[in-house]
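Structure assessment
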Amino acid sequence: DTAVSQTPKYLVTQMGNDKSIKCEQNLGHDTMYWYKQDSKKFLKIMFSYNNKELIINETVPNRFSPKSPDKAHLNLHINSLELGDSAVYFCASSPRDRGNSGANVLTFGAGSRLTVL
Amino acid sequence: AQTVTQSQPEMSVQEAETVTLSCTYDTSESDYYLFWYKQPPSRQMILVIRQEAYKQQNATENRFSVNFQKAAKSFSLKISDSQLGDAAMYFCAYRSAWNTGNQFYFGTGTSLTVIP
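Description of the structure in this document. (Residues numbered from 1 in each chain as written. Chains lettered and ligands numbered in written order. Predicted model: local features only at pLDDT ≥ 70, side-chain atom pairs only at ≥ 80, totals over all residues. Heavy atoms only, no water.)

1. Observations regarding the packing of aromatic side chains
So the rule is basically this: Side-chain rings of Phe, Tyr and Trp, where Trp is taken by its six-membered ring, are said to pair if the distance between their centres is within 6.5 Å; with planes under 30 degrees apart they count as stacked, over 60 as edge-to-face, and otherwise as tilted. A helix here means a DSSP run of H or I that spans at least four residues, while a strand means a run of E at least two residues long, and both kinds are numbered starting from the N terminus. Look at NZ for Lys and CZ for Arg. If either is within 6 Å of the ring centre and within 35 degrees of the ring normal, a charge sits over the ring.
Counted according to the given criterion, the structure contains 17 aromatic pairs over all chains. A ring pair is formed by B:Tyr37 and B:Phe106, whose centres lie 5.9 Å apart and whose planes are at 55°; its orientation type is tilted. You can see B:Tyr37 sitting in strand S5 (residues 32–39) and its partner B:Phe106 sitting in strand S11 (residues 104–106), a full 69 residues away along the chain. Put simply, the rings of A:Tyr33, A:Tyr35, A:Phe90, A:Phe108, B:Phe35, B:Tyr37, B:Phe104 and B:Phe106 touch in pairs and so form one group of aromatic residues. Positioned over the ring face of A:Tyr10 is B:Arg43, at 4.9 Å from the centre of the ring.

2. Side note on the state of the cysteines
Two cysteines, two sulfur atoms, one covalent bond between them: this is a disulfide. Keep this limit in mind: Pairs of cysteine sulfur atoms within 2.5 Å are what we label disulfides. Classification of residues uses two cut-offs on accessible area relative to the type maximum, computed with a 1.4 Å probe and protein chains only: under 20% is buried, over 50% is exposed, and between them is partly exposed.
A complete count under the given rule lists two disulfides over all chains for this structure. Sulfur-sulfur distance for the disulfide between A:Cys23 and A:Cys91 comes to 1.8 Å. Between A:Cys23 and A:Cys91, the disulfide has an S-S torsion of -80° and is therefore left-handed. Taken together, the positions of A:Cys23 in strand S3 (residues 19–25) and A:Cys91 in strand S9 (residues 87–94) put the pair 68 residues apart, joining distant regions of the chain. Taken as a pair, A:Cys23 and A:Cys91 share a single burial class, namely buried. Put simply, B:Cys23 and B:Cys92 are joined by a disulfide, and their sulfur atoms are 2.0 Å apart. Linking B:Cys23 and B:Cys92, the disulfide has an S-S dihedral of approximately -70° and is accordingly described as left-handed. In this pair, B:Cys23 sits in the loop between strand S3 (19–21) and strand S4 (24–26) while B:Cys92 sits in strand S10 (residues 88–96), placing the two residues 69 residues apart along the sequence. Pair check on accessibility: B:Cys23 and B:Cys92 agree, each one buried.

Worth remembering: the numbers are spatial, not functional.
What follows is the structure, encoded as structure tokens:
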């Protein structure tokens, strides 16, 4: 079973369209994230949710809106897509436990490559 | 915010040889976690190795080991007996043990080429 699954894996769309990327994790983690990886491979945090509550919201345009219906899901909706939105978007999750269990690891989905034409 | 610096955008190594990837970080915290992630061309991000800051012993995972220098805030990755499958982008990452944001900070990555 895939631990963190995101769909679609590839998305090609026209400028101005609205699109969504879905993410689900079956690890029982409390925290979920969206990262953007640009063409230079830089990984930038966009959002973080803990138990459906937004806890990190980096400087991201309002056109990006995350939605967490429950702690196992974190979807990303993008309105009015622009050329600069082309990137790979990674969903990830981590446990909130800060104990010494060694479980403080970020687990990534396979990424969704968004191409805006 | 914490910063993670990888000063080597690209590295290459001959197959079967050893290579070391550098990572430094800036923090005022005493308790944290450090990670190395690998991203092969498939783009999947894979955890290679992790280190708890309170542990003095360097972590090892088969051919992968780290040199953790807490005072110098340095966390390098050594890959021994390099294999063609090790070719990938490698990212160093930091996570605070106590921040409420639960955020992971990533370096800019090092692209490793393995030469047959």
